[in-house]
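Architecture at a glance
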Amino acid sequence: MAKHYAMVIQLKKCLGCQACTVACKFENKVPDGQYRTKSPAIGPSGTYPHVKVFFEKQACQMCQDAPCVKVCPTTASHYNKDGLVLIDSHKCVGCKYCMTACPYDARFINKNTGTADKCTFCYDTRITKGEKPGCVSTCVGGALLFGDANDPQSEVARYLATHRTEVRKARFGTRPSVHYDYEGVK
Amino acid sequence: MDITWGAGAANPVIWGWLIAVYLFLAGIAGGAFLTASLTDLFKKNGPAKVIRSGAFLAPVAIIVGLGLLVFDLGRPLSFWKLIFNVNFGSVMSIGVFIISIFTVLSLVYAYLVWASVKVGGKVQVRVGRAASEAAVAEAGGTAGGREIVAILGALFALGTATYTGFLLSAVSTNVFWSTHLPGISGVPFLPFLFLVSALSTGLAATLIGAGKCEDLTLYKKIDIVLMVIEILLVAVLYASVRSVFFSGNLAVLFWLGVVVIGLLLPLLFSLYGVSRHKNLVVPTCGMVVIGGLALRCFVVYAGQLFK
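Residues numbered from 1 in each chain as written. Chains lettered and ligands numbered in written order. Predicted model: local features only at pLDDT ≥ 70, side-chain atom pairs only at ≥ 80, totals over all residues. Heavy atoms only, no water.

**Points about the sheet that holds strand β11 (residues 178–181) of chain A**
Residues and elements named next belong to chain A. With mixed pairing, the three strands of this open sheet are ordered in space as β10-β1-β11. Sheet topology places β10 (144–148) and β11 at the edges, where each strand pairs with a single neighbour. Neighbouring strand axes in the sheet, compared pairwise and without regard to direction, differ in orientation by 20° on average. Pairing geometry for strand β1 (residues 5–10) and β11, over four bridges, is parallel. (Pairing = 2+ DSSP bridges. Helix = DSSP H or I, 4+ residues; strand = E, 2+ residues; numbered from the N terminus. Axes fitted to C-alpha atoms, helices over the stretch in contact; angles between N-to-C directions.)

What follows is the structure, given as structure tokens:
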């Protein structure tokens, strides 16, 4: 069976330490001022004593029905054999059509290359070597789970089977592979 | 909401004014070509100045527009990859071929119009009788070719003008751009709006370029019809999407640029001066052109600023 890499984010375990943001920076040599992953604070919302704040890790959602792949005029944005959305930078001309289509603002034009750039789940540098993405490995609170959702024994598959999770902006029907467990923060 | 911790939100405007002007110029090119070619095909002894103006304007507008588009790319020098890597599911990929073919046809048509003017001039001024017959035969030969180029070019001009709408409406995750015709969920709205605006602005720009002409009554009447249709379409758009898209700074652009300068004032001027008052042609057409630019800017920005 083909692999389907997925990520689960347990928001109640996130401290907002930004270790994932930094790990991604040095794993992927992302230019200054640009980000493949961000974890902005959502809130604070409410009034005392019911004030809430949480951190939401935001990056490419690895959609299985990806708007960016559909609109890309050169097939630079594509699905790879493991179900990930990746960019072939040799084919990309930097037209930004994918950026207008992505509802998650996950993409940017890399200042150095002029091509579209985004999270790859560290596919080339880590996954193919049997490691987990940089952000998952470094996460201080253990908020990030990663694995093959098609393998029922994987940590991710077991978590998804037993917890109520959501995908962001489900109304667009993009079928993301990144799942959010908002229990305890919303 | 302010970001209190973590990296801030990215600039929401991904396609800026360069793309808005490109969409506007592609519309001008399509409309100008249609004005020239349809005059050439259907109006025997139609005003030659109109044919010449539209035929020359179309390639200039589309090439300048494409220049802006290429300049806006992250890697401008790699634009040729758009031709060798095709995605038939992508509106932009299909558009690359429509616009490329249109650009070539508009250049050929401009050359044929230019050449016939030259030949015509020679016949009258300098050459003797035998040479004149040869020249007339040659001009006749190119006239047949010109007809084919005019017909094919008109089809691709329609394609180009409509494509600029499909480019935006195909972004299904953009609520504003992907607005559909009221009641018909499968049919996008923008291609219709941009096509009518392209015809209107292309005709207006062509008339400005034609300068003083004998009889423009037909063109003025067509322009009035186009403006009325466009007013209806803009009203439908206003009624069918959330009012947030018409708020903030964009409210001025929409109400003053698109509605007043682009539609209402030129319509009043046109109705007043439909057959007389030739001196109203340039200001009226000028406002139509400015309104078309305002419309492209408004749609491009509104879709990205409000989600």
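**Looking at the layout of surface pockets**
Any empty space left between atoms is shown by rolling a water-sized probe over those atoms. Taken as a whole, the largest pocket encloses approximately 1100 Å³ of empty space. Mapped by element, the contributors of at least two residues to the lining of the largest pocket are β2 (37–38), β3 (41–45), β5 (58–59) and α3 (97–101) of chain A together with α9 (281–305) of chain B. Here the lining of the largest pocket is composed, by residue class, of 24 nonpolar, eleven polar and nine charged. (1 Å grid on protein atoms, 1.4 Å probe; cavity = no way out; pocket = protein on both sides within 12 Å on 5 of 7 lines; lining within 4 Å. Points joined across faces, edges and corners; volume = space filled by probe spheres on them. Nonpolar A, V, L, I, M, F, W, Y, C, P; charged D, E, K, R; others polar.)

**Focus on the nonpolar core**
Grouped together as the largest cluster of nonpolar side chains are 129 residues, with contacts concentrated most on A:F121 and B:W15. Examining the composition of this core, we find that 15 residues originate from one element, helix α1 (residues 17–42) of chain B, more than from any other. If we ignore the near neighbours within four places in the chain, the residues touching A:F121 are A:Y5, A:A6, A:M7, A:M62, A:L84, A:I127, A:P133, A:F146 and A:V178. With five residues, the next largest nonpolar core counts A:V8, A:L145, A:V156 and A:Y159 among its residues. (Core = buried A, V, L, I, M, F, W, Y, C linked by side-chain atoms within 4.5 Å. Buried < 20%, exposed > 50% of the residue type's maximum accessible area, 1.4 Å probe, protein only. Contact = heavy atoms within 4.5 Å.)

**Some words on the interface of chain A and chain B**
Between chain A and chain B, the contact holds 37 residues from the first and 35 residues from the second. Between chain A and chain B, a total of about 2800 Å² is buried, with carbon and sulfur atoms accounting for 58% of that surface. The largest per-residue losses of area from chain A upon contact with chain B belong to A:V93, A:Y97 and A:T100, which jointly make up 23% of the total buried on that side. Residue B:D72 is joined to A:K96 by a salt bridge in which the shortest nitrogen-to-oxygen separation is 3.3 Å. For the pair chain A and chain B, the number of links is 15 residue pairs in polar contact (both at pLDDT 80 or more). Elements with a contribution of two residues or more to the side of chain A that touches chain B: β3, α2 (67–71) and α3 of chain A. Its residues placed into classes, the side of chain A that touches chain B shows 19 nonpolar, 13 polar and five charged. (Buried area = accessible area lost by both parts, 1.4 Å probe. Salt bridge = Lys/Arg side-chain N within 4 Å of Asp/Glu carboxyl O. Polar contact = N/O pair within 3.5 Å; in protein donor to acceptor, adjacent residues only side chain to side chain.)

**Notes on a positive patch on the surface**
Together, A:K169, A:R171, B:R242 and B:K307 line one region of the surface with positive charge. Residue position: B:R242 is located in the loop between α7 (217–240) and α8 (249–272). (Patch = residues over 30% accessible without salt bridge, like charges linked within 9 Å, V, L, I, M, F, W, Y side chains within 5 Å. Areas by Shrake-Rupley, 256 points an atom, 1.4 Å probe, with all protein chains shown as cover. Lys, Arg positive; Asp, Glu negative; His and termini not counted. Charge placed at Lys NZ, Arg CZ, Asp CG, Glu CD.)

**Details of the packing of aromatic side chains**
Enumeration over the complete set of coordinates arrives at 20 aromatic pairs over all chains. Measuring from ring centre to ring centre gives 5.2 Å for A:Y97 and B:W15, while their planes differ by 15°; the resulting arrangement is stacked. Of this pair, A:Y97 sits in helix α3 while B:W15 sits in the segment before α1, each in a different chain. The residues A:Y97 and B:W15 share a single accessibility class, namely buried. The structure contains a cluster of three or more aromatic residues connected by ring pairs, namely B:F176, B:Y238, B:F245, B:F246, B:F254, B:W255, B:F298 and B:F306. A cation over an aromatic ring shows up here: A:K186 above the ring of A:Y182, its NZ or CZ 4.0 Å from the ring centre. Positioned above the aromatic ring of B:F194, the side-chain terminus of B:R296 is 4.7 Å from the ring centre. (Phe/Tyr/Trp six-rings, centres within 6.5 Å; stacked < 30°, edge-to-face > 60°. Lys NZ or Arg CZ within 6 Å of the ring centre and 35° of its normal.)

**Re the pattern of salt bridges**
All names here are of chain A. One pass over the full model with this rule turns up eight salt bridges over all chains. A salt bridge links D82 to K81; the nearest nitrogen and oxygen atoms lie 3.6 Å apart. Given the relative accessible area of 67%, K81 is considered exposed. One continuous salt-bridge network, built from bridges that share partners, spans E27, R126 and E131.

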